[in-house]
Amino acid sequence: MKTARFFALAFIGLVVLAALFLYLSPRADRAEHEGAEQAIYGPGEFPIADSRVELEVLIASESTKEELEKNQFTSYVEQKLGIKFNFVTTSPSTIDEAEDVLFASGDYPPIILSGSLTTDEQVRYGKRGILRPLNALIDRYGDRLHEIFQQRPDLRQSLTAPDGNLYALPAINECFHCWYAQKLWINTSWLERLDLPMPKTTDELYQVLQAFKRDDPNGNGLHDEIPLSGAVNSWHSEITGFLMSAFIYNTDRNYFYIENGHVGLAAVQPQWRDGLAYIHKLYSEGLIDPQVFTQSIDGVIEKATRQDNVLGAITVGHIRMAYNNGNNIRQSEYEAVPPLIGPAGYQAAGFFSSFDRSTFAITDKATETEAAAAMRLADFLLTEEATVRNEWGMEDLWWRKGKPGEFDEHGRPAKYWLAPEFAQSDTQNEIWAQMGLLYRDRNLRESWAVSQDPYSIVGYEHRLYQETQNKYEGKEPAEVYPDYIFMEMAEAQEAARLRIPINDYIRFNMVQFITGVKNADADWDDYVEGLEKLKLDRYLELHQNAYDSYRQK
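Thresholds applied
All residue numbers refer to position in the chain's written sequence, counted from 1. Selection of residues for local features in this predicted model requires a pLDDT of at least 70, selection of side-chain atom pairs for listing and counting requires 80 or more, and totals for whole chains, interfaces and linings are taken over all residues. Where side-chain values are given, they derive from all heavy atoms of the structure, hydrogens and water being excluded. A simple rule labels every residue: compare its accessible area, found with a 1.4 Å probe on the protein chains alone, to the largest value its type can have, and call it buried under 20%, exposed over 50%, or partly exposed in between. Each helix is a run of DSSP H or I of at least 4 residues and each strand a run of E of at least 2, with the numbering of both proceeding from the N terminus. Our arc is simply the arc of the directions from the helix axis toward the C-beta atoms. Contacts are assigned to residue pairs that have any heavy atoms within 4.5 Å of one another. By this definition, two strands are paired if DSSP reports at least two bridges between them. All axes here are fitted lines through C-alpha atoms, helices being fitted over the stretch that makes contact, and every angle between N-to-C directions spans 0 to 180 degrees. Salt bridges, as used here, are contacts in which a Lys or Arg side-chain nitrogen is within 4 Å of a carboxyl oxygen on Asp or Glu.

Observations regarding helix α8 (residues 143-151)
Then, in step 1: Among the residues of α8, those classed as buried are R144, L145, I148 and F149. The arc that holds every buried residue of α8, seen down its axis, measures 130°, which confines them to one face.
Then, in step 2: The elements touched by buried residues of α8 are α7 (135-141), α9 (153-159), α17 (368-381) and β14 (439-440).

Take a look at the structure:
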């Protein structure tokens, strides 16, 4: 078993190997814990069987296997259901590679509990019999899932593969401000000091950034201000997503836009070229952080924590991504900029769905007992009881039921109340911190007591809600390409082969155009021709077929 895994690892490279061997915990010999089949009780009965059921599960967590075994939420679930977890652990940053290794070796666990399964992988592994269809198990044991699917028939349709099977389940997080996470945050104290309005257009932003660079808004007598910054490889932190959406819809995720049901690529349209020219102008005049295309979010944090604040505007999903050190004064000085209106009058907010990959699946290594127990586990984790405790811990530790006089986001009596100290506490051994399955729909997320001070620690979620509602909601296009969409296996494999070179080519050239290595006028035709040579037409055809099937479900 270990030999098979070793040879499967070899093909993905020494760098990934090093990371995986650091994080991927040793597998137990399944012969040691495979026992006789036993009956699993139906929905609502706890524990779920006469004797304890051991479940070997793959999870992505920064905690070690030993820490997870001692975790309070782990103990709560084990005692409630009468199960025993055997964790196979990897880090969130290596979960994709870990899954590839385990599936390639044939030495994968019976259950994936906190995984990262794309729709392409579900179809591929489902067709090969590695992932077990969940339909019959859901019909028999999915009490909570039946309730969710009844409320959200569109959800079941979205999760169903082309062959009619459900191979995996996602963690649902209907986070309102996350749907519109492509935000630009601007230093309003600098705007006030320089008597500047909140920018509404691309030209107004240009003028504001010029003033930030020229007029010493931090008042230290130095020209150390960075008018606009962002980061790569973080959560909606790239500057091009927000700025380009004043010219044509762009999320820096797949570069698709949809118009009257037609899937197009934004990155070959004339509006894209205009957007590149605008961003190049900002960059060439020193209004954009020169490290914006190379620095991680840690680079932004370092600049945010300097003695004198130097950041005028930042593209991050939420402002505490930059000011994460408890500096409440600085982070409270920033407000979100509404989606900019471009020179042609176009304006769009980036929109992202609740999920783009699935977390839970059952493999063909599971016995009938394990498969049934795993579905009871999944169904329980999707309940409100388990979801709240997964994220916030046991009742009356950090949270409690709402009391009279406490109101939620919509002015209703609050269902729950969260202690302000939670955000600054060490909860590692008490919660799963959203690991695995959970169902956080808007009704649950927005039922918590709202602080009267949106700039306090506990009022932060309310602040993000208000910023999103007032400035971004409804500004997305009528149609956007779904984050979670299926293709037939052959088409999915072909699209996956084309996606990497096409997206890499777009990103590489985008940086070259913005930094001035290439000219948006002189080099444009050659750039478009390069995309055509990468079979762009076929790539769009595949996604058009997928989108047409999606709309017909």
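Remarks on the sheet that holds strand β10 (residues 334-337)
Then, in step 1: Strand order in this open sheet of 4 strands is β6-β9-β5-β10, and the pairing throughout is mixed. The strands lining the two open edges of the sheet, one partner per strand, are β6 (226-229) and β10. Going from strand to strand, the sheet's axes swing by 20° on average, the running direction of each strand aside.
Then, in step 2: Inspection of the sheet shows strand β5 (residues 184-187) paired to strand β9 (residues 311-315) by 3 bridges, in the antiparallel sense. Residue pairing across strands places W185 opposite I314, the latter belonging to β9.
Then, in step 3: Packing against the sheet, helix α15 (residues 297-304) makes contact with β6 and β9, and its axis sits at approximately 155° to β9.

Some words on the sheet that holds strand β1 (residues 53-60)
Two orientations exist for strands paired in a sheet by backbone hydrogen bonds: parallel and antiparallel.
Then, in step 1: Taken in spatial order, the 4 strands line up as β2-β1-β3-β11 in an open sheet, and their pairing is mixed. Where the open sheet ends on each side, the last strands, each with one partner, are β2 (83-90) and β11 (361-362).
Then, in step 2: Sheet analysis places β1 next to β2, joined by 8 bridges and oriented parallel. Across the sheet, the residue bridging to L58 is V88, located in β2.
Then, in step 3: Sheet strands in contact with helix α5 (residues 95-105) are β1, β2 and β3 (111-114), and its direction is about 130° off that of β1.

Considering the pattern of salt bridges
Note on pairing: side chains with opposite charge can pair once their charged atoms come close.
Then, in step 1: In this structure the tally under the stated criterion is 28 salt bridges.
Then, in step 2: Among the ionic pairs, R152 bridges to E174, the shortest N-O distance being 2.4 Å. Taken together, the residues span a long stretch of sequence, with R152 in the loop between α8 and α9 and E174 in the loop between β4 (172-173) and α10 (176-179) at a distance of 22 residues.
Then, in step 3: Connected via shared salt-bridge partners are R152, D154 and E174.

Some points on unusual backbone geometry
Then, in step 1: With an omega dihedral of -10°, the bond running from F46 to P47 counts as a cis peptide bond.
Then, in step 2: With respect to the helices and strands, P47 occurs in the loop between α2 (14-23) and β1.
Then, in step 3: Despite not being glycine, Y255 has its phi angle at roughly 65°, a positive value.
Then, in step 4: Locating Y255 in the fold gives a position in the loop between α13 (239-244) and β7 (256-259).
Then, in step 5: Even without being a glycine, K535 presents a positive backbone phi close to 65°.
Then, in step 6: Relative to the assigned elements, K535 resides in the loop between α22 (524-533) and α23 (536-552).
Then, in step 7: Here K535 falls in the exposed class, since its relative accessible area comes to 54%.

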